[in-house]
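Residues per chain are reported as follows:
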Amino acid sequence: MERRHLNYYLMEKLESRLLQIVQIALLAALGSPLVWHMSFVFPYITPATFFFQVMVSIATAAFLILVMVQPKHRPPMNPLTIGMTAFFIIQGLLTLTSTDPMRSFEGSVERMAGFWNLLHFYLFFIIVVSLAHNKKWLKHLAIFSIIVSIIASIEYLALLVVPNIAIARYSFGNPGFLANYLVLHLPLTVWFYVKSQNREEKILMLLTALLLSSVILLTGNRAAFLSFALIIFSLCGYIILQKKRRALIAGLVCLLMIAGFGFIMANRQSSFVTQSPFLSKITSWSLTDTNIKSRFILWNISWKGFLEKPLTGWGRESYPKVFEKYYDPQFFDNNPYEAWSDRAHNIIFDELTAGGIINLLSALALFALFAFQLIKAIRQNPTQKLFFVLGGIFLAAFVLQDLFTLDTLASYLPLFLGFAFIATQFSTTDRSLLPRRVTTAAALVILLVFAGATIRFTLIPAATNYTIGKSLFLVPTDLKAYTQKMDFLDALLPEKDPYKLELLIISARNIHDLAEANPSDKNMEKFQDLLIKKLTELRKNTFSNTKLMAHLGIILVDYVRLTHSKERTLESVSLWESLIERFPLRQQFLVEGAEANLQAGNYDKSVELAAKAQSLSPHRPETLWYLGGFLLRADKKELAAKAFAEAVSQGVLMYSRSLVQVGDLLAEFPEYYSSARDIYVYITSMEPKNPRYHMNLAQLYKELGDLDHAMSEAQIASKLSPENRAEIEKFIDSLK
């Protein structure tokens, strides 16, 4: 008897400890958006996601043992848990049918939105729902999530108030992601405000709602603003329909918001609107806005990809393939410095691309199931009407902002927490998603498989991500340490792993950026050579990847500029020729190909490619600058001057030291004097203490007959250059 009591006591103690581990790990997972580290690649996304995966993995392992010890904790079976499970089974099957199953499973380095990461959100949901009988802990879970949103808001405000101090970084890194996260916490905050019986708690929740609302508006994110407006109008509408004493106040709030927004839109050209980052952003709703035009282009590309693979799509994280295949040259017109896109920035088109009509219908069915259960619950339990109304508002707010943005940890985490809280409100049967008894052998197999998968797809990628992130700080000073980190990457990840490929592409992009910033640094040569060899070997032994080839080609151009290597020059020209043959409408490829041919002495080919890039984007002055540059270096001065003059007439100047050379070139041709003048006006505004530039500008004003401005510029040059004053005075006398 005593032994039985002892066993019961030990099992009860073990159950208690396992529950603590699960609960603490899930709380930590909710805090993952606050995790960031500058030594990781994409320091505001990947550390947070890896941390979330590790915490959920710990919770899952402890939960599985807990279910063995005490079966009452098994995941309940109700329409919502069944629907969520079915949705993830479909996601798993679609991953297998992907055009690149490994990438769809692992996810990309930047977004980490593969099936493996989504699986952790499912596990998070299931475990929270399974522990729903502990209402006190559920409340703590929700409050902790609100605390995280408060901390994130304060971090952002600190950055606005004290932008120059190192501590004033905010965890999300992107104000849009932060706004999306905060919007989804507003319904939860309102719920606690209404249900709290404590006056201090009510004040605290009211202040929290005001804080979150303020930060949402300050970010200027239009998608979040739409969801914010939806939440406010929906709450006001609910209060009005209740016909209580607050109905009049709610109606006045709606009218004031409509009137206020109408007033701002009517005065959107006034200084108080244009000088406000928030007001200027939310009032710039126009089909001519470059961001909106870019969205339409990306949606059209996604639609074409869907039509090619309508049933099962291309796979998660496969939008770049669709973007490459159906690239629209107009994308460059609106994003001249953005050569790639990995999302359609619309939940419908992203889901269609990822998994075709099956994926979209399964996602819509999941949301519809939750919405149906909420409507049903409102009829069955009127006392909880507000909770279910807030649940519906929460789902609608998520969908609305996702029509214009992309999903990250910052949006998925509150979404699945919201899903879990909605699911906990519904009665369940004694039936569970798991069998009554989980055998030790079965549990051990599951634990070992999950542990192995966690090591392979979470811990190893985290280690390699950190290693490559650290390596970016070694260029161009420590080649030995850099080589060691590249070898570490080779040792941990197999050759054909998409994650490894992306990390090498990121390294290539980093070396290119440093090469542009330090064009004469001879140390760059060794780093470039090392990475060229690695990328070339990867290209030969694995598969042809457009992004890999493009970044290899860019480094080759940089390397040839520094070393004048004939072997690398031929390699560069050949690579860009193959890329341009496959993608003849990609302006960036044409420009880089023109540079490679110029380095090889193929001047006519260089100009031909630059002219084609310009013809694809005739309304972008940047392409005129590129064309003018190639013409100038091909010693076709008159044609170069014409291209530069046309670019200047479009009002865009790209400042660099070479701009002085362009100004001097235009000054050689009387018909381009006015363009040369505009360039030197800009140059003197950038370098106001350079007497030569002021004197050049004075000469141009004189040639154009503007003697007053010529006199003014010459006097400035005289003050800045006393040693040349006598010569400058002669010029001034010639103006009298």
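Residues numbered from 1 in each chain as written. Predicted model: local features only at pLDDT ≥ 70, side-chain atom pairs only at ≥ 80, totals over all residues. Heavy atoms only, no water.

**Quick word on the overall build of the protein chain**
When its secondary structure is counted, the protein chain shows 34 helices and 0 strands. Over its C-alpha atoms, taken along the principal directions, the protein chain stretches across nearly 110 × 65 × 50 Å. The long-range share in the protein chain, meaning contacts at least 24 apart out of those at least 6 apart in sequence, stands at 71%. Averaging the locations of the 71 positively and 60 negatively charged side chains of the protein chain gives two centres separated by 13 Å. (Helix = DSSP H or I, 4+ residues; strand = E, 2+ residues; numbered from the N terminus. Contact = heavy atoms within 4.5 Å. Lys, Arg positive; Asp, Glu negative; His and termini not counted. Charge placed at Lys NZ, Arg CZ, Asp CG, Glu CD.)

**Here's the deal with the nonpolar core**
Within the largest apolar cluster, 104 residues are counted, with the highest numbers of intra-cluster contacts made by Leu 26, Met 84, Phe 124, Phe 125, Phe 370, Phe 416 and Phe 419. With residues near it in sequence (within four places) discarded, Phe 419 still touches Met 84, Phe 125, Leu 366, Phe 367, Phe 370, Phe 394 and Leu 395. Core analysis: the next-biggest nonpolar cluster, separate from the first, contains 98 residues, Phe 40, Leu 493, Leu 503 and Tyr 693 among them. (Core = buried A, V, L, I, M, F, W, Y, C linked by side-chain atoms within 4.5 Å. Buried < 20%, exposed > 50% of the residue type's maximum accessible area, 1.4 Å probe, protein only.)

**As for a nonpolar patch on the surface**
Where nonpolar side chains cluster on the molecular surface, the patch consists of Tyr 193, Val 194, Ile 203, Leu 206, Leu 207 and Leu 210 and spans about 520 Å² of accessible area. Listing elements by their share of the nonpolar patch, those giving two or more residues are helix H8 (186–195) and helix H9 (199–219). Tallying contributions element by element places H9 first for the nonpolar patch, with 4 residues. With respect to the helices, strands and loops of the structure, Leu 210 is situated in helix H9. (Patch = residues over 30% accessible without salt bridge, like charges linked within 9 Å, V, L, I, M, F, W, Y side chains within 5 Å. Areas by Shrake-Rupley, 256 points an atom, 1.4 Å probe, with all protein chains shown as cover. Salt bridge = Lys/Arg side-chain N within 4 Å of Asp/Glu carboxyl O.)

**So, the environment of Lys 533**
Looking at the secondary structure, you find Lys 533 in helix H23 (residues 524–541). Here the alpha-carbon distance between Lys 533 and Asp 487, two residues 46 residues apart in the chain, equals 13 Å.

**Focus on the packing of aromatic side chains**
This structure, assessed with the given rule, holds 35 aromatic pairs. Ring centres of Phe 367 and Phe 398 lie 5.9 Å apart, and the angle between their planes is 15 degrees; this geometry places the pair in the stacked category. Of this pair, Phe 367 sits in helix H17 (residues 347–380) while Phe 398 sits in helix H18 (residues 385–402), and the two are 31 residues apart along the sequence. Grouping residues by exposure puts Phe 367 and Phe 398 together as buried. Every member of this aromatic cluster is reached through a ring pair, and the members are Phe 52, Phe 87, Phe 88, Phe 121, Tyr 122, Phe 124, Phe 367, Phe 370, Phe 398, Tyr 412, Phe 416 and Phe 419. Above the plane of the ring of Tyr 559 lies Arg 568, whose end atom (NZ or CZ) is 5.7 Å from the centre. Sitting over the ring of Phe 589, Arg 586 keeps its end group 4.7 Å from the ring centre. (Phe/Tyr/Trp six-rings, centres within 6.5 Å; stacked < 30°, edge-to-face > 60°. Lys NZ or Arg CZ within 6 Å of the ring centre and 35° of its normal.)

**Quick look at helix H27 (residues 603–616)**
In a regular helix each residue adds 1.5 Å, so 14 residues correspond to 20 Å; H27 covers 20 Å between its end C-alpha atoms and thus fits that length. Those residues of H27 that fall on the buried side of the exposure criterion are Ser 606, Val 607, Leu 609, Ala 610, Ala 613 and Gln 614. End-on view of H27: buried residues confined to an arc of 160 degrees, all on one side of the axis. Packed against the buried residues of H27 are helix H25 (566–582), helix H26 (587–599) and helix H28 (621–633). (Expected span 1.5 Å × (residues − 1). Arc of directions from axis to C-beta.)

**Section: the side chain of Asp 350**
In this fold, Asp 350 is placed in helix H17. For the buried Asp 350, which has no salt bridge, the nearest side chain bearing the opposite charge is Arg 343, at an N-O separation of 4.9 Å. A polar contact of 2.8 Å, which involves the side chain of Asp 350, links it to the backbone nitrogen of Ala 344. Contacts of Asp 350, omitting those with residues within four sequence positions, involve Arg 343, Ala 344 and His 345. (Polar contact = N/O pair within 3.5 Å; in protein donor to acceptor, adjacent residues only side chain to side chain.)

**Some remarks on the confidence of the model for the protein chain**
Mean pLDDT over the protein chain stands at 86; residues scoring 70 or higher make up 91%. Highest mean pLDDT in the protein chain belongs to helix H5 (residues 115–130) (95); lowest belongs to helix H13 (residues 277–282) (69). (pLDDT = per-residue confidence, 0-100.)

**A look at unusual backbone geometry**
Residue Pro 476 is bonded to the preceding Val 475 through a cis peptide linkage, with omega at 5 degrees. Inspection of the secondary structure puts Pro 476 in the loop between helix H20 (440–471) and helix H21 (479–492). In the Ramachandran plot, Phe 42 falls in the positive-phi region, its phi being about 55 degrees despite a non-glycine side chain. Counting through the fold element by element, Phe 42 comes out in the loop between helix H1 (2–30) and helix H2 (46–69). Unlike most non-glycine residues, His 345 shows phi in positive territory, near 60 degrees. Tracing the chain through its elements places His 345 in the loop between helix H16 (330–334) and H17.

**Some points on helix H29 (residues 637–649)**
Across its 13 residues, H29 extends 18 Å between first and last C-alpha, which sits within 8% of the 18 Å expected from 1.5 Å per residue. Here H29 has its buried residues at Ala 640, Ala 641, Ala 643, Phe 644, Ala 645, Ala 647 and Val 648. Those residues of H29 hidden inside the fold are in contact with H28, helix H30 (658–666) and helix H31 (673–686).

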